[in-house]
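Observations on the three-dimensional arrangement
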Amino acid sequence: PRAIYLKDYQQPDYWIETTALSFELGEESTLVTSTLNFKLNDTKTHAQLPELTLVGENMELVSVAIDGAVLSGDQYKVDSEQLVLQPQSEAFETYIVTRIKPQENTSLEGLYKSGGMFCTQCEAEGFRKITYYLDRPDVMSIFTTTVIGDKDKYPVLLSNGNAIERKDLDDGRHMVTWNDPFKKPAYLFALVGGNLEFIEDTFTTMSGREVTLRIFVEPHNITKCDHAMRSLKKSMKWDEEVYGREYDLDIFMIVAVDDFNMGAMENKGLNIFNSTCVLARPDNATDAAHERIDAIVAHEYFHNWSGNRVTCRDWFQLSLKEGFTVFRDAEYTADMYSRTVKRIQDVNFLRSAQFVEDAGPMAHPIRPESFIEISNFYTLTVYEKGAEVVRMIHSIVGSEGFRKGSDLYFDRHDGQAVTTEDFVAAMEDANGVDLSQFKRWYSQAGTPVLDVSDSYDEDAQEYSLTIKQSCPATPGQDTKLPFHIPVAIGLLDGEGEPMPLNGEGETTVVLDLKEPEQTFTFKADERPLPSLLRGFSAPVKVNYDYSREDLIFLMSHDEDGFNRWDSCQRLAINVLMELVADIQAGRELAVDPQLLAAYGKVLADESLDLAMIAEMLLLPSETLLAEQMDVIDVDAIHQAREFVRGAIAEAHKERLQQIYNSLNVDKPYQAEPEDIAERRLKNIALSYLVELDDAASVELAQAQFAAASNMTDSIAALSNLIGAVHESGKAVAEQALAEFAEKWADDTNVMNMWFSTQVTDSRFGTLAKVRELMEHPGFDKKNPNKMRSLVSGYCSGNLVNFHNISGESYEFLADEVIRIDALNPQLASRLINPLTRWKRYDEKRRELMLAALKRIQQQDLSKDLFEVVSKSLA
Ligand code: HT7
Ligand code: ZN
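For clarity, every value in this text was computed on a predicted model and none was experimentally measured. (Residues numbered from 1 in each chain as written. Chains lettered and ligands numbered in written order. Predicted model: local features only at pLDDT ≥ 70, side-chain atom pairs only at ≥ 80, totals over all residues.)

Describing the overall build of the chain
- Tallying secondary structure elements over the chain gives 26 helices and 31 strands in all.
- For a compact globule of 874 residues, the expected C-alpha radius of gyration is about 29 Å, and the chain comes in at 28 Å, within 12% of that figure.
- Each of the three principal axes of the chain carries a C-alpha extent, and together these read 85 × 65 × 60 Å.
- For the chain, with 874 residues in total, the buried portion stands at 49%.
- Sequence-distant contacts, at least 24 apart, represent 70% of the contacts inside the chain between residues at least 6 apart. (Helix = DSSP H or I, 4+ residues; strand = E, 2+ residues; numbered from the N terminus. Rg over C-alpha atoms; globule rule 2.2 N^0.38 Å. Buried ≥ 20, exposed ≤ 12 C-beta atoms within 10 Å, placed from the backbone. Contact = placed C-beta atoms within 7 Å.)

See below:
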């Protein structure tokens, strides 16, 4: 396989002005007819008319004509990847008929069948599996699509835009024609055909147009759509209020499918969603699922402007739409729920997953320079770090400046395919700022590190902060130039009061760090304690020599909620890593009483809201702790973490029980912030209580399981029964698992939670359990959601068992990756992820992981898997 480089980008030789498609959906195969109107790209110089190379894969070419003349075999070239034609004029029309087999398409790219339904996934390069085309995002065309199918089997036939014609045919089939008046690239094309029901609502836009909103699902899911519809309406309103963006078609549709490689897809006017990201009812979906659905519905809707109306010139620009849209959906969630909690959750995720990616073999800048398979670059770096980069621009130019910049960007580029440079230029032009150094965030990979030191001059009453920045080498980038980093800080006096930092009395300022080392000086009448990187103002690591007392002080006094939580994290990491060292040295273990006292304070703090207490009570994950070690010791990390959890439970048993009892009240379910916080804190309290070797805690979980009227409480009770330390938990857990499976046997997404809950528990979820569950009738070895729940749930969520020194789990994962690669390369190249970090483990595990990777490498691999395997072995 060959790499493609950003530096080689060139415009196409031809544009496609209009695209007319017709699909005859059949049981064996589907006939696709395309009529394309081409025009020579007159900005390029041509000595003679260039050849036209259309890409296409896995299809049978039935016929091809240009301007009405059918071509004979010697008038075109066709192979397994392309169709090459020689145009005779600057403007011409092609007529191409191809046959494809959606029923045999297991890759879930292009047109495929999910259950009984036809559906498409064209981003990034799936359209080439439908018909020969210029399948690249800078070719934008007006699409008209006719879908023909059996009226009984496929009563609903959908595509992008507005329906302009419907007709019954004589042979039991019917046809619907759709027209999308907005130019779009092929990756935004969508088609759906199936036996679907829908719920309907309307939204009146800010200019007074009424838009029809429909969510289509298989009939048995029709009662699970209301939450997503509410989210859609909230998102439409928010985008008008915050960005001034109005929806532009007469109808907006969402379709839920069970077989999908990612979360959802923003096809113009016809979003297609993984059913886990749409379907929710209080009894069958957790609070986390409700929140995720809200965020993803918003994300896909926001793409209508940030992605569809203004799209990407090429796939290296992916973060242009994804980073910006993740930033937009994060702000939406912050406005709808708690801003601080959203920030904490996002940063926690970034640190435990994106930082890991940025330090691994696949590390790349948010605008990559090259790729073999673009699907491999739908990464946490492009999405989450990309959003952090947009957030930094927001913090540099301020809220109003950012709105001016986004208005300019949308106005200037509506209907165009552009670059991240264009986005930054709009922000610069609207605000009169120079972001040239800042743009290094787009081209340099790796997580920058800030080493901070300070000094206080008593005589001059001046406090100085010196910040040194560095960035580790990443593949292909040995050295880095200094970044422009906005560092938000505050200073606390001895009483914990915020100190004014400038003439305006502001207590938080943003320092513009641009040099490798810079010193910032403040007037201060006593030596302050710094609160650094408030709100996580940049995606960097900060080293500062805080004592444990400092951290405890910040935990209760910092006016920045994010940093109160972060100080708690730092303290916990500090204590946990000391325990890891004790375990490795064979020393006796004891938890620092200061940590226990600090948690006692959090549990007693009436000024904190419940959501904040819940976040602070959660210890850093094993994955995050692993990142603190040069050589990861999964066993010591697990043991240390369990030890601290047990100690917290012992030390604060009464308070935890009190919290649990006070919040364990029966009230109607609402997915509202306060209710979610109550359930979360209650279930975290329960998770500590079951750490006690005490039958009463098991009884609490058992009673909660029996009484639960919502999925949050039900699945939390189940997982706490599975994880309970007291031996009475085992039998109760088995009984509860059986009851749960019987009750939810027909709800595929609930069963996925049932799978993952079992395999992520370190005592319960052994490899044998995983193998046993793979044979369960509710499991499907081809379905991405099921594979993610069970296989990724185990390999990424159960570190001690996955990294068992026998190496059998590595072999298991290698077998699964090889099996899946033949069916669904995108899924395979994501499943393999836990093996790619082999260099971080001890010698024995390194050898075992390497052997598994090499065995995979010896197979005949897809481009997707080849790229990941070869980069991780490099
Ligand atoms: N823009 C969408 C990306 C996506 C995707 C990419 C590759 C393979 C399958 C896919 N499904 C969806 C989703 C989004 O970020 O909004
Ligand atoms: Zn997106």
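Some points on the UniProt feature "domain: Peptidase M1 membrane alanine aminopeptidase" (unreviewed entry) in the chain
- Using the residue numbers shown here, the UniProt feature "domain: Peptidase M1 membrane alanine aminopeptidase" (unreviewed entry) corresponds to residues 228-441.
- As annotated, residues 228-441 has a helix share of 56% and a strand share of 9%, and its two end C-alpha atoms lie 35 Å apart. (UniProt positions renumbered as here; feature names shortened; annotations may be inferred.)

Re the site of ligand 1
- In the neighbourhood of ligand 1, 15 residues make up the surrounding shell, with Glu-123, Asn-261, Met-262, Met-265 and Tyr-378 lying closest.
- Every element with two or more residues in the shell around ligand 1 is listed here: strand S20 (264-265) and helix H2 (287-302).
- Of the residues assigned to the shell around ligand 1, the class counts are 5 nonpolar, 6 polar and 4 charged. (Near = placed C-beta within 6 Å. Nonpolar A, V, L, I, M, F, W, Y, C, P; charged D, E, K, R; others polar.)

A short note on the UniProt feature "domain: Peptidase M1 alanyl aminopeptidase Ig-like fold" (unreviewed entry) in the chain
- Residues given the UniProt feature "domain: Peptidase M1 alanyl aminopeptidase Ig-like fold" (unreviewed entry) here are residues 446-545.
- Annotation note: span residues 446-545, helix share 0%, strand share 44%, distance between end C-alpha atoms 23 Å.

Some words on the packing of helix H17 (residues 711-723) against helix H19 (residues 748-759)
- For the pair H17 and H19, interaxial distance at closest approach is 9 Å and the crossing angle is 25°. By the angle between their directions, the pair H17 and H19 is classed as roughly parallel. You can see that H17 and H19 cross each other, and the crossing is right-handed. Contact residues: H17 offers Ile-715, Leu-718, Ser-719 and Ile-722, while H19 offers Met-753, Thr-757 and Gln-758.
- Residues belonging to the contact of H17 with H19 are distributed by class as follows: 4 nonpolar, 3 polar and no charged. (Axes fitted to C-alpha atoms, helices over the stretch in contact; angles between N-to-C directions. Parallel < 35°, antiparallel > 145°, perpendicular 65-115°, else oblique. Left-handed = near helix turned anticlockwise from the far one by under 90°.)

Concerning the sheet that holds strand S27 (residues 485-492)
- Here 3 strands make up an open sheet; going across it, the order is S28-S27-S30 and the pairing antiparallel. Each having just a single partner strand, strand S28 (509-513) and strand S30 (529-531) make up the two edges of the open sheet. Taken pair by pair, the neighbouring strands of this sheet meet at an average axis angle of 40°, ignoring direction. (Pairing = 2+ DSSP bridges.)

A closer look at the domain arrangement of the chain
- Taken domain by domain, the chain comprises domain 1 (311-443), domain 2 (449-551), domain 3 (552-651) and domain 4 (664-743).
- When each unit is reduced to the centre of its C-alpha atoms, the spacing between domain 1 and domain 3 is 31 Å.
- Listed per partner, the contact involves 9 residues of domain 1 and 10 residues of domain 3.
- When grouped by side-chain class, the residues that make up the side of domain 1 that touches domain 3 number 4 nonpolar, 3 polar and 2 charged. (Domains from an automatic or database assignment.)

A closer look at the sheet that holds strand S15 (residues 173-184)
- Strand order in the open sheet made by the 8 strands is S6-S5-S9-S3-S2-S12-S15-S14, with mixed pairing throughout. A strand with exactly one partner marks an edge of an open sheet, and here the two such strands are strand S6 (69-70) and strand S14 (162-168).
- In this structure, strand S5 (residues 60-66) lies alongside S6, joined through 2 bridges in antiparallel fashion. Bridged to Ala-65 within S6 is Val-70.

Focus: the pairing of strand S19 (residues 251-257)
- In terms of burial, S19 is a largely internal element, 6 of the 7 residues being buried.
- Here 5 bridges tie strand S18 (residues 210-217) to S19, and the two strands are oriented parallel to one another. The residue bridging Arg-214 from the neighbouring strand is Met-253, located in S19.
- Strand direction decides the pairing type here: S19 and strand S21 (residues 270-274), joined by 5 bridges, are parallel. Bridge pairing in S21 links Ala-256 to Phe-273.

So, the packing of helix H10 (residues 593-604) against helix H11 (residues 610-617)
- Relative to each other, H10 and H11 sit at 160°, their axes nearing to 9 Å. In terms of axis orientation, H10 runs roughly antiparallel to H11. For H10 against H11, the interelement crossing comes out left-handed. On H11, the residues that touch Tyr-599, Val-602 and Leu-603 of H10 are Ile-613, Met-616 and Leu-617.

Thoughts on the confidence of the model for the chain
- For the chain, the mean per-residue pLDDT works out to 98, and 100% of the residues sit at or above 70.
- This complex was scored by the predictor with a pTM of 0.98 and an ipTM of 0.98. (pLDDT = per-residue confidence, 0-100.)

A few points about the nonpolar core
- Grouped together as the largest cluster of nonpolar side chains are 248 residues, with contacts concentrated most on Val-192, Val-255, Ile-272, Val-278 and Leu-721.
- With residues near it in sequence (within four places) discarded, Val-192 still touches Met-117, Phe-118, Cys-119, Val-156, Leu-158, Val-255, Leu-270 and Ile-272. (Core = buried A, V, L, I, M, F, W, Y, C linked by C-beta atoms within 7 Å.)

Observations concerning unusual backbone geometry
- Here Glu-123 and Ala-124 are connected by a cis peptide whose omega angle stands at -5°.
- Among the secondary structure elements, Ala-124 is positioned in the loop between strand S11 (117-121) and strand S12 (141-150).
- With a phi angle near 55°, Asn-58 is a residue other than glycine that sits in the positive phi range.
- Structurally, Asn-58 is set in the loop between strand S4 (52-55) and S5.
- With 17 C-beta atoms counted inside 10 Å, the residue Asn-58 sits in the partly exposed group.

A word on the environment of Ala-280
- Along the chain, Ala-280 turns up in the loop between S21 and H2.
- Put simply, Ala-280 and Leu-85 are 195 residues apart on the chain and 49 Å apart in space, counted from C-alpha to C-alpha.

Here we look at H17
- With 13 residues, H17 ought to run about 18 Å at 1.5 Å a step, and its terminal C-alpha atoms sit 18 Å apart, in line with that.
- Counted residue by residue, H17 has 12 buried out of 13 residues, so it is predominantly covered.
- Those residues of H17 not exposed but buried are Met-711, Thr-712, Asp-713, Ser-714, Ile-715, Ala-716, Ala-717, Leu-718, Ser-719, Asn-720, Leu-721 and Ile-722.
- Buried residues belonging to H17 abut H2, helix H15 (673-689), helix H16 (695-707), helix H18 (728-743) and H19. (Expected span 1.5 Å × (residues − 1).)

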